[in-house]
Amino acid sequence: MLKITRSALIKHFIFVILVLSQQLTAGAGEYISKDIKRSGSQKSWVVLPYIFSSDSMGLTAGAVGIFNGYIQPQMNIVASTFVGEEFNVKVQADQEIKQERAAGAMIAVDSYQSFFSERMFITAMGAYGYYPNQRLYLDGSNDSKRNLESNDPSSSTPFKSQGYNNWFDIDFRYVMPWGESADQILPVIQLNRGIAVNRDEIGGRRPFSTGQTIFGSKLFYSKWSAEKLSEAPSINTNGVRFYLEHNNTDYPSNPSRGYSFKGQFSADVGIGNSTQSWNSLEFDYAHYIELLNFSWTRQNVIAFNAWTAYSPSWKIDETINDDGILEKHQTPMWEGARLGGWNRMRAYDNNRFSDKAAVYTALEYRIIPEFNPMQDQNWSPFAIDWFQTVLFVEAGRVAESYDISTLFSDMKYDVGFSLRALAAKVPVRFEYAHGSEGSSMWVMLNQPF
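Only a predicted model underlies this, so the values are computations on that prediction, with no experimental measurement involved. (Residues numbered from 1 in each chain as written. Predicted model: local features only at pLDDT ≥ 70, side-chain atom pairs only at ≥ 80, totals over all residues. Heavy atoms only, no water.)

Turning next to the packing of aromatic side chains. Taken as a whole and judged by the stated rule, the model has 18 aromatic pairs. Where tyrosine 310 meets tyrosine 402, the ring centres are 5.9 Å apart and the plane angle is 90°; that geometry is what we call edge-to-face. With tyrosine 310 in strand E17 (residues 297–310) and tyrosine 402 in the loop between strand E23 (384–399) and helix H1 (404–407), the pair connects residues that are 92 residues apart, well separated along the chain. Following the ring pairs from residue to residue traces out a cluster consisting of Trp178, Phe208, Tyr259, Phe261, Phe283 and Tyr285. Here the basic side chain of arginine 366 rests over the ring of phenylalanine 449, its NZ or CZ set 5.0 Å away from the ring centre. (Phe/Tyr/Trp six-rings, centres within 6.5 Å; stacked < 30°, edge-to-face > 60°. Helix = DSSP H or I, 4+ residues; strand = E, 2+ residues; numbered from the N terminus. Lys NZ or Arg CZ within 6 Å of the ring centre and 35° of its normal.)

This is the structure we're talking about:
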């Protein structure tokens, strides 16, 4: 079965900037945040250059812009572009060496309040990128071995290939007239140096009668291509997701208490240029417990996350053609039951593990200290309201069936730490994690859960 990473492999340090926009609607709810120490306009923005070097992309430079509160007060806009250095790659197997470079761009417009319904919010995002040195996992099962020296497309280890990774999503989120949004659609959260101060009675109460509930549907399209795989030069998928999301926390961008959960169904019905039909189910739950502060802290939080996924359509050991590369009705490797990357199993490559079923759990200890060297710095072009240090541990597993005894045996584990900051009202995190296959470092927007 074909196991494919959606973005470049991290060996030393990669700033995963192309997928920043995917974090914008990760169960954050719909609300307006206001800094009580600021008067007048609450708009904020930041433009950050970045540079990194990796085996997959070479020396790469780019810039990302984050704009909060423009056009409408609840909106976010994120845009980025990048380009890598030229280096020699073999474009086709057994053919001449050519010079290629990684290049791409993305844009996301998050939480636009529609003109046809004041409770409907629309998010649109898309990306285009060429990667001259992608890594592919032909076997992402729990027992598969990672051997970066292999370049054999028939083996169970990743091999290198050039290709494109393009995608586009449009998300329609309807805020239900329940709980906190019964009378006021968008709660106004007042912040003092990045911590909510008007939410003492909010978070952790009865589901649906308190908190915010959102019903959503998302149309998606993505195309992945590999120039070295003549048998399967691309995988195309398009379809729709339906989800129900409930957020019962005090501050969705950085919760200190309460809980949230989300159930989701995704399906590609096989129309248009879709490679094949598939479907998957996911359920995600997060819980937050606020601890007493030390003399030197502003916030102490224990955060817990549990997630599971299953693909009813996936026909194990039945392939769609004679080459055996794709099994019938399997999810693409960036969909469904997959682990590895910037949110789940962070010590492992992006989408390192994938199969018919998966379970995952994580525990984080988050501390915001009083000390903030960037506080009230007039020379800074954007506000950094707090820094946060985090210790975390994760466990997860993929399997060929949703069998509890199998899923909770021989699990993968990792541990790590993170340094996070609230910049222009958006959490930015740098993370380091170590697991059985080595270590990875990530830079990403928003909390992982």
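Still more ground to cover, so stick around.
Turning next to the sheet that holds strand E12 (residues 195–196). The mixed open sheet is built from 3 strands, whose spatial order is E2-E11-E12. Pairing within the sheet leaves two strands with one partner each, and these edge strands are strand E2 (32–35) and E12. With 2 bridges joining them, strand E11 (residues 188–192) and E12 adopt antiparallel strand pairing. Residue pairing across strands places leucine 191 opposite alanine 196, the latter belonging to E12. (Pairing = 2+ DSSP bridges.)

Considering the arrangement of structural elements, one finds serine 260 in strand E15 (residues 258–268). Apart from the residues lying within four places of it in its own chain, the contact partners of serine 260 are His246, Asn247, Asp284, Tyr285, Ala286 and Tyr288. (Contact = heavy atoms within 4.5 Å.)

A few words on the pattern of salt bridges. Across all of its chains, the model carries 17 salt bridges by this definition. Residues glutamate 394 and arginine 346 are paired through a salt bridge, measuring 3.1 Å at the closest nitrogen-oxygen approach. Of this pair, glutamate 394 sits in strand E23 while arginine 346 sits in the loop between strand E20 (337–339) and strand E21 (353–355), and the two are 48 residues apart along the sequence. Since its relative accessible area comes to 0%, arginine 346 is described here as buried. Ionic contacts of the salt-bridge type, sharing partners, join the residues Arg346, Glu364, Arg366, Glu394, Arg420, Arg429 and Glu431 into one network. (Salt bridge = Lys/Arg side-chain N within 4 Å of Asp/Glu carboxyl O. Buried < 20%, exposed > 50% of the residue type's maximum accessible area, 1.4 Å probe, protein only.)

Below, the discussion takes up the nonpolar core. Of all hydrophobic cores here, the largest spans 19 residues; its most connected members are Tyr288, Trp307, Leu339, Tyr360 and Phe449. Listed by contribution, the elements that provide at least two residues to this core are strand E16 (278–291), E17, E20, strand E22 (357–369) and E23. Top element by residues in this core is E17. It accounts for 4 residues. Beyond its immediate chain neighbours, meaning those up to four positions away, tryptophan 307 contacts Glu282, Phe283, Asp284, Gly336, Ala337, Arg338, Leu339, Arg344, Ala358, Val359 and Tyr360. (Core = buried A, V, L, I, M, F, W, Y, C linked by side-chain atoms within 4.5 Å.)

Looking now at the environment of arginine 366. Within the fold, arginine 366 resides in strand E22. Distance from arginine 366 to glutamine 299, taken between C-alpha atoms, is 7.9 Å for residues 67 residues apart in sequence. There is a polar contact of 3.1 Å between the side chain of arginine 366 and the backbone oxygen of phenylalanine 449. (Polar contact = N/O pair within 3.5 Å; in protein donor to acceptor, adjacent residues only side chain to side chain.)

Next up on the list: a nonpolar patch on the surface. A contiguous nonpolar patch, built from Trp178, Phe208, Phe215, Phe242, Leu244, Phe265 and Leu281 and spanning about 600 Å² of accessible area, is present on the exposed surface. With respect to the helices and strands, the residue phenylalanine 265 is situated in strand E15. By relative accessible area, phenylalanine 265 is classed as partly exposed at 33%. (Patch = residues over 30% accessible without salt bridge, like charges linked within 9 Å, V, L, I, M, F, W, Y side chains within 5 Å. Areas by Shrake-Rupley, 256 points an atom, 1.4 Å probe, with all protein chains shown as cover.)

A few words on the pairing of strand E5 (residues 76–84). The pairing of strand E4 (residues 58–68) with E5 spans 9 bridges and is classified as antiparallel. Across the sheet, isoleucine 66 pairs through a bridge with valine 78, a residue of E5. Pairing geometry for E5 and strand E8 (residues 103–113), over 8 bridges, is antiparallel. Within E8, the residue paired with asparagine 76 across the bridge is aspartate 110.

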